[in-house]
Amino acid sequence: MTRGYVELQDDPKEEEFKGFSASTTSTSPSSSSSSPPRSRVPTGGSHNSRNTKEHAGVEMDDLLLTNPQTGLTHEQAAQRYKTFGPNQLVEVKVNQILKFLGYFVGPIAFLIEAACIVSAIVKDWFNFFTILGLLFLNAVIGYFEEARAESAVEALRQTLALKTRCWREGNLQEIDTTFLVPGDIIVLRLGDIVPADGRLLGIDAAGAQTEGDLLVDQSSLTGESFAVSKNKGEEVYSSTVVKQGQQRAIVTKTGSETYIGKAAHLIANTASEGHFQKVINRIGNFLVLFTLVLTIIIIVVQYINYRDDPIRGQVLNILGPVMILAISAIPIGLPSVMAVTMAVGARGLAAKQVIVKRLAAVEEMSALSVLCSDKTGTLTLNELTFDEPYLAQGYSPQDLLLYSYLASEFGANDPIELAVRQAAEWQVPILRNRPTGSSKVPGFEISNFVPFNPSSKFTQATVRDVSNGTVYKVAKGAPQVIIQLVGGSDAAVRAYTTMAQRGLRALGVARTLAGTEKWTLVGLAAMLDPPRSDSEQTIQRCHKMGITVKMVTGDQQIIAKEVSRRLGLGRVILDASHMADSSLSEEQRSDRFYRADGFAEVTPEHKFRIVDALQKRGLLVGMTGDGVNDAPALKKANVGIAVHGCTDAARSAADIVLLAPGLSTIVDGILASRAIFQRMRSYALYRITSTVHFLMFFFVVILVYDWTLPAKLLILICVLNDLATLVIAVDNAQISKLPDKWRVGQLIFLSCFLGILLTSLSFGHFYYFWKNQGYIPHPAVDGMGPEVDRRLESIMYLHISSAPHFLIFSTRLTGYFWESMPSIWFTIVILGTQVIALLMVIFGWLTPAVPAGQALAVFGVSLVSCVVLDVIKVQVFRFWTKGSHSLTCAPFGGRRKMLQGRKRVEVAQKRVWKNIHRGPEAIVRKTQVLLAIGRGGSKIPQSMMEDISWDRHGANNA
């Protein structure tokens, strides 16, 4: 061959069917325009990652010359499978080793690892193994918790593995959908999920020609509520559902080349650093920088002071004690506490049928300010139901339903027929108590039935009323046809127009008068995919929690507006033309998206852009969905939420998977995540404060007095206190009413402020027990003074262990600590660790014993200081209005732009309110003047005339 494509060798017997296959590819202009063109896989192209060997490309036209009666041979199928690979989306699998090693990356992790290396160099094996153990504890917790969630999702996916009926070598076989290849002949029937992109052949399962259409639900792809009619030669797409009819189809595309594959490509190319990881990195960068600066200063000063000392002047002898101090200050437990807190929260959500795939999503959900929700199947039921009808005079809603039922085809699975039968069986009394599966209508006999025909557009039944023997006809179909059938009706036309404007699907019903052929209108039934029963309540709860809900759908704009109205979302719905407006700047487009209540006629790319534009405004965006068309946006969103009954693509892209129907579990998840956030912020504030206090105190006493605590006591403070704070994961939490936010500037400022106050308290203890109790910290310069009293080590150990640790009772809340009491286990563990420290200094375990009275006094001062610092903390929070001080204190880069934007908004708001107040006053004064003139009054107060601007521009300004 000379055209650059490799031909697949098909069976010679199939030559006689080439004419038939060619006929299936030629469709009417209308149908061909809506079907995607045939595609080729070019030589050298990367169709997928599978091994193609010499079959680098194939002519797709040649693949479709399959005998529709017998299908492919096993050899042909095997060859094509080898060329194209499995019929499944290429899911990028993360290397598990690299994923585990990823938990050892980050500012805090790097500092801990550096400390671990230095401990090994100086042969401090106790510290080495302690630090290494905590480092691995954090990695193991995070890795196994996320692996557990992924296993649950994978198990769910396996339970939904699909089979399909396929012709191979003249036999109809049931095979796994992953083994389908281009050219396979498949059978599509009612209820089937289309396994791959294909083209309808116009023959039924038995091989006979059929003129009937295939009704396909494409809502998982396009978001359209109503099923689409497909006929011979038209394309059907993978993951859509057959709602009515049966036909054979030839597979045209599989795997990543399908319509779904294009959406999967967007997912694969979406990768960004999580919001929570950014926050932890910022906190870590501050702590690392603070620790490094102080320790380097200590090392330099110590080296200068002891450069002539052959023992103290050695680098390792200087480095060892300083690194022990740095190790003790490093928040080794910060990643572990965060991971445990989120893991415990994820377990709690799992009990509410919410699977957390990505652990950090638990925290990020607490900060959601915008929730973009797919409409079809998420906010709505994805099924047609009856709405408020239009009734002709003399007929009731029950009459309309009864006549609709009489004109319905029993056994048909068309969504409209199903909606009619279900509504009638529920609301018409004579239809309620019939035997299950009965097609009889008590009191009526149907002698003739004419099914729906695309030409006539209605169904018709001849009915006999058993009670009086009268015979009449009933018709049900397209409104315009039924209205014409009855001779026209202006009122019905207006009602139909109103329904169409509201996005409702109308159905006309008429009957003949008994014994005549004169048709009379019964009414127009209105149908809509209705909202779920809990959707409106969930949206209201979200609004009360400070979360803006925006509806996103592929349906028409008028339908979206009607559903939005029923849900109380507002009527500002943007269609695709507004989203693709090239005349708008990115900022203008982002502002338009932010102000909209919803979006209609969107594609997967549109959804992706919506999320991206909202994120660029600094908003944390959640996205809910269930279909393939939602998957890219689910992946892009800060928190992607796959709802009950979602597709594999949506489940794979999401961070959270809901196993219960509806959106109510989302609110439960958000409340739980806000509680988790409060716990993590509590620990972060406590730990940063402890680090600042620890380093500042020892920085001074080492440089001034060359004094520090023994290494064993420093490490004991670090390990015992950090492990104890793990119980914060089960502590009671005060849930905020609005979305939470990591105000890192506020957090660091408050931590430094509290750390300075604790440092002052530590120096008070240090000098009091040195000067008043005679606990000498260092020998005299001339060597003639009293000896060093190591009981100062016990006192300072108890104080430095207990005072910052008790502060965690205060950092739990932004208000006073007694506003929400801690849990019993949290209280027992926190107090228990300090009681152990108290007993150690009283009985002399690992440190010299001190009098019990002194130890109890230090313990009591630590408790009292917690209360004092709590009052100071509340005042700082009250003074620090939301974000204003953090912006004005450091107006650099993005902060400056944010501050300027806020000032512009404030000036504009003041101008608006000023004009609002001036307007009515000016109108009243001018009215008084005009009334005075009208009464012929010549004496108008001059003050009134001077007060009012009578020119046009002045009036406008007012």
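Rules and cut-offs
- Counting starts from 1 at the beginning of each chain's written sequence and moves along it residue by residue.
- Side-chain atom pairs in this predicted model are given and counted only at pLDDT of 80 or more, local residue features only at pLDDT of at least 70, and totals for whole chains, interfaces and linings cover all residues.
- No hydrogens and no water enter the side-chain calculation; it runs on all heavy atoms of the structure.
- Counting from the N terminus, the helices are the DSSP runs of H or I reaching at least four residues and the strands are the DSSP runs of E reaching at least two.
- For every residue, the accessible area (1.4 Å probe, protein chains only) is compared with the maximum for its type, and the residue is labelled buried under 20%, exposed over 50%, or partly exposed between those bounds.
- Any two residues whose heavy atoms approach within 4.5 Å are treated as being in contact.
- Calculation of accessible area relied on Shrake-Rupley with a 1.4 Å probe; when residues are assessed, cover is drawn exclusively from the protein chains displayed.
- A carboxyl oxygen of Asp or Glu within 4 Å of a side-chain nitrogen of Lys or Arg is what we treat as a salt bridge.
- UniProt positions are given in the numbering used here, feature names are shortened, and annotations may be inferred rather than shown by experiment.
- Between any two strands, at least two bridges found by DSSP are needed for them to pair.
- In this analysis, rings of Phe, Tyr and Trp, with Trp reduced to its six-membered ring, are considered paired at centre separations within 6.5 Å, and the interplanar angle assigns stacked below 30 degrees, edge-to-face beyond 60, and tilted for intermediate values.
- Each axis is a line fitted through C-alpha atoms, taken for helices only over the stretch in contact, and angles between the N-to-C directions span 0 to 180 degrees.
- Take the residue count of a helix, subtract one, and multiply by 1.5 Å to get its expected span.
- The labels follow the angle: roughly parallel below 35 degrees, roughly antiparallel above 145, roughly perpendicular from 65 to 115, and oblique for the rest.
- Any residue outside Ala, Val, Leu, Ile, Met, Phe, Trp, Tyr, Cys, Pro, Asp, Glu, Lys and Arg is labelled polar, Gly included; the first ten of those are nonpolar and the last four are charged.
- Take the buried residues of types Ala, Val, Leu, Ile, Met, Phe, Trp, Tyr and Cys, join any two whose side-chain atoms come within 4.5 Å, and each joined set is a nonpolar core.
- The directions from the helix axis to the C-beta atoms form the arc being described.
- Think of a patch as exposed residues, more than 30% relative accessible area, with no salt bridge, where like charges cluster within 9 Å and nonpolar side chains (Val, Leu, Ile, Met, Phe, Trp, Tyr) cluster within 5 Å.
- What pLDDT reports is the predictor's confidence in each residue, on a scale of 0 through 100.

Caption draft 1: Region of interest: the overall build of the protein chain. Within the protein chain one finds 36 helices and 24 strands. Expressed as a percentage of the 958 residues in the protein chain, the buried residues total 51%. For the protein chain, long-range pairs separated by at least 24 residues make up 71% of all intrachain contacts whose partners lie at least 6 apart in sequence. Accessible area of the protein chain: about 43,800 Å², with a carbon and sulfur share of 59%.

Caption draft 2: Structural detail: the pattern of salt bridges. By the definition in use, this model includes 23 salt bridges. With a shortest N-O distance of 2.9 Å, Glu235 and Arg199 are connected by a salt bridge. Of this pair, Glu235 sits in strand S7 (residues 235–236) while Arg199 is found in strand S4 (residues 197–200), placing the two residues 36 residues apart along the sequence. Accessibility assignment for this pair places Glu235 and Arg199 in one class, buried. Here the residues in one salt-bridge network are Asp387, Arg502, Glu562, Arg565 and Arg566, joined through shared partners.

Caption draft 3: Summary view of the UniProt feature "transmembrane region" (unreviewed entry) in the protein chain. Mapped onto this structure's residue numbering, the UniProt feature "transmembrane region" (unreviewed entry) falls at residues 100–122, 128–144, 286–306, 318–344, 684–707, 747–770, 823–846 and 852–872. Along residues 747–770 the backbone is 100% helical and 0% strand, and the end-to-end C-alpha distance reaches 34 Å. Helix makes up 100% of residues 852–872 and strand makes up 0%, while its end C-alpha atoms are separated by 30 Å.

Caption draft 4: Fine view of the sheet that holds strand S23 (residues 639–642). Strand order in the open sheet formed by 8 strands is S10-S24-S23-S22-S11-S19-S21-S20, with mixed pairing between adjacent strands. The outermost strands of the open sheet, each flanked by one partner alone, are strand S10 (354–356) and strand S20 (573–574). In this structure, S20 lies alongside strand S21 (residues 598–599), joined through 2 bridges in parallel fashion. When the sheet's bridge partners are listed, Ile573 is paired in S21 with Gly598.

Caption draft 5: Structural view of the packing of aromatic side chains. Counted according to the given criterion, the structure contains 32 aromatic pairs. Aromatic side chains Phe749 and Phe753 sit 6.4 Å apart centroid to centroid with 5° between the ring planes, which places their arrangement in the stacked category. Of this pair, Phe749 and Phe753 both sit in helix H28 (residues 744–771), 4 residues apart, roughly one helical turn. What makes Phe753 partly exposed here is its relative accessible area of 33%. Judged by centre distance (4.8 Å) and plane angle (0°), the rings of Tyr816 and Trp818 are stacked.

Caption draft 6: The arrangement of the sheet that holds strand S5 (residues 214–217) in detail. Here we have 3 strands laid out as an open sheet, ordered S6-S5-S8, and antiparallel in their pairing. Every other strand in the sheet has two partners, leaving strand S6 (228–230) and strand S8 (241–244) as the edge strands with one partner each. The average angle at which neighbouring strand axes cross in this sheet is 45°, direction not considered.

Caption draft 7: Summary view of the side chain of His606. With respect to the helices and strands, the residue His606 is situated in helix H23 (residues 604–616). On the basis of relative accessible area, His606 is assigned to the buried category, the value being 11%.

Caption draft 8: A look at H23. In this model, H23 (13 residues) spans 19 Å end to end at C-alpha, consistent with the 18 Å of a helix rising 1.5 Å per residue. Here H23 has its buried residues at Pro604, His606, Lys607, Ile610, Val611, Ala613, Leu614 and Gln615. Where H23 terminates, the next one or two residues include Gly618, which has phi positive at roughly 85°.

Caption draft 9: Summary view of the pairing of strand S9 (residues 247–253). Burial within S9 is extensive, with 7 of its 7 residues counted as buried. Two strands pair when backbone bridges link them, and strand S3 (residues 185–188) and S9 are joined in this way by 4 bridges, in the antiparallel orientation. Note that in S9 the partner of Ile185 across the bridge is Ile250. Of the pairings in the sheet, the one linking S4 to S9 comprises 4 bridges and is antiparallel in character. Each bridged residue has a counterpart across the sheet, and for Leu200 the counterpart in S9 is Ala249.

Caption draft 10: Here's a closer look at unusual backbone geometry. Although it is not a glycine, Glu601 adopts a positive phi angle of roughly 60°. With relative accessibility at 34%, the residue Glu601 sits in the partly exposed group.

Caption draft 11: Molecular detail of the environment of Arg421. Locating Arg421 in the fold gives a position in helix H16 (residues 415–427). Exposure remark for Arg421: the relative accessible area of 11% places this residue in the buried category. Along the primary structure Arg421 and Leu406 are separated by 15 residues, whereas in three dimensions their C-alpha atoms are 9.3 Å apart.

Caption draft 12: How the structure looks around the packing of helix H29 (residues 791–806) against helix H31 (residues 824–843). Interhelical geometry of H29 versus H31 gives an angle of 170° and a closest axis separation of 9 Å. Considering the angle they form, H29 stands roughly antiparallel to H31. Contacts from Ser794, Tyr797, Leu798, Ser801, Ser802, His805 and Phe806 of H29 reach H31 at Ile830, Leu831, Thr833, Gln834, Ala837, Leu838, Met840 and Val841. Here the contact of H29 with H31 is built from residues that sort into 9 nonpolar, 6 polar and no charged.

Caption draft 13: The arrangement of the side chain of Ser404 in detail. Topologically, Ser404 is positioned in helix H15 (residues 397–406). Among the residues examined, Ser404 registers a relative accessible area of 0% and is labelled buried. Ignoring any residue separated from it by four or fewer positions in sequence, one finds Ser404 in contact with Val420, Lys476 and Val509.

Caption draft 14: Region of interest: the environment of Cys542. Among the secondary structure elements, Cys542 is positioned in helix H19 (residues 535–544). Sequence-wise, Cys542 and Ile670 are 128 residues apart; in three dimensions their C-alpha atoms are separated by 9.2 Å. Among all residues touching Cys542, those that are not within four sequence positions of it are Leu371, Ile547, Val549 and Val667.

Caption draft 15: Highlighting the packing of helix H22 (residues 586–595) against H23. At a minimum axis distance of 9 Å, the contact between H22 and H23 shows a crossing angle of 100°. As far as their axial angle goes, H23 and H22 are roughly perpendicular. Touching Glu586, Ser590, Phe593 and Tyr594 of H22 are Arg609, Ile610, Ala613, Leu614 and Lys616, all from H23. Split by residue class, the contact of H22 with H23 holds 5 nonpolar, 1 polar and 3 charged.

Caption draft 16: Up close: the nonpolar core. Counting residues in each nonpolar core, the largest one holds 149 residues, and the members touching the most others are Ile283, Met338, Phe697, Phe698, Trp707, Leu709 and Trp742. In terms of residues, this core owes the most to one element, helix H26 (residues 664–705), which gives 21 residues. Those residues in contact with Leu709, other than ones at most four positions away along the chain, are Phe698, Leu714, Ile717, Glu793, Met796, Tyr797 and Ile800.

Caption draft 17: How the structure looks around H22. Looking only at H22, the buried set comprises Arg589, Ser590 and Phe593. The buried side chains of H22 occupy one side of the element, clustering within an arc of 100° when seen end-on. Turned more than 90 degrees off the buried face of H22, the exposed positions are Glu587 and Arg595. Here the buried face of H22 lies against strand S19 (548–552), S20, helix H21 (576–579), S21 and H23.

Caption draft 18: Highlighting the pairing of S23. Of the two faces of S23, the one lined by Val639 and Ile641 and the one lined by Gly640 and Ala642 are each fully buried. Two elements, strand S22 (residues 621–625) and S23, share 4 bridges in a ladder whose sense is parallel. Looking across to S23, one finds that Gly622 is bridged to Val639. As paired strands, S23 and strand S24 (residues 656–658) are joined by 2 bridges and run parallel to one another.

Caption draft 19: The arrangement of a nonpolar patch on the surface in detail. Taken together, the side chains of Leu292, Ile296, Val300, Tyr303, Ile304 and Val315 present a nonpolar region at the surface, about 550 Å² in accessible area. It is helix H10 (residues 275–305) that provides the largest number of residues to the nonpolar patch, a total of 5 residues. Relative to the elements of secondary structure, Val315 occurs in helix H11 (residues 315–329). Under the relative-accessibility criterion, Val315 is labelled exposed at 56%.

Caption draft 20: Highlighting the confidence of the model for the protein chain. Summary statistics for the protein chain give a mean pLDDT of 78 and a share of 78% for residues scoring 70 or more. Mean pLDDT in the protein chain bottoms out at helix H2 (residues 29–34), which sits at 35, and peaks at H29, which reaches 93. Within the model, the stretch residues 882–887 combines pLDDT values under 50 with 14 contacts to residues more than four positions away or in other chains. Low pLDDT (under 50) marks residues 943–958, which in the prediction has 21 contacts with non-local residues, meaning those over four places away or in another chain.

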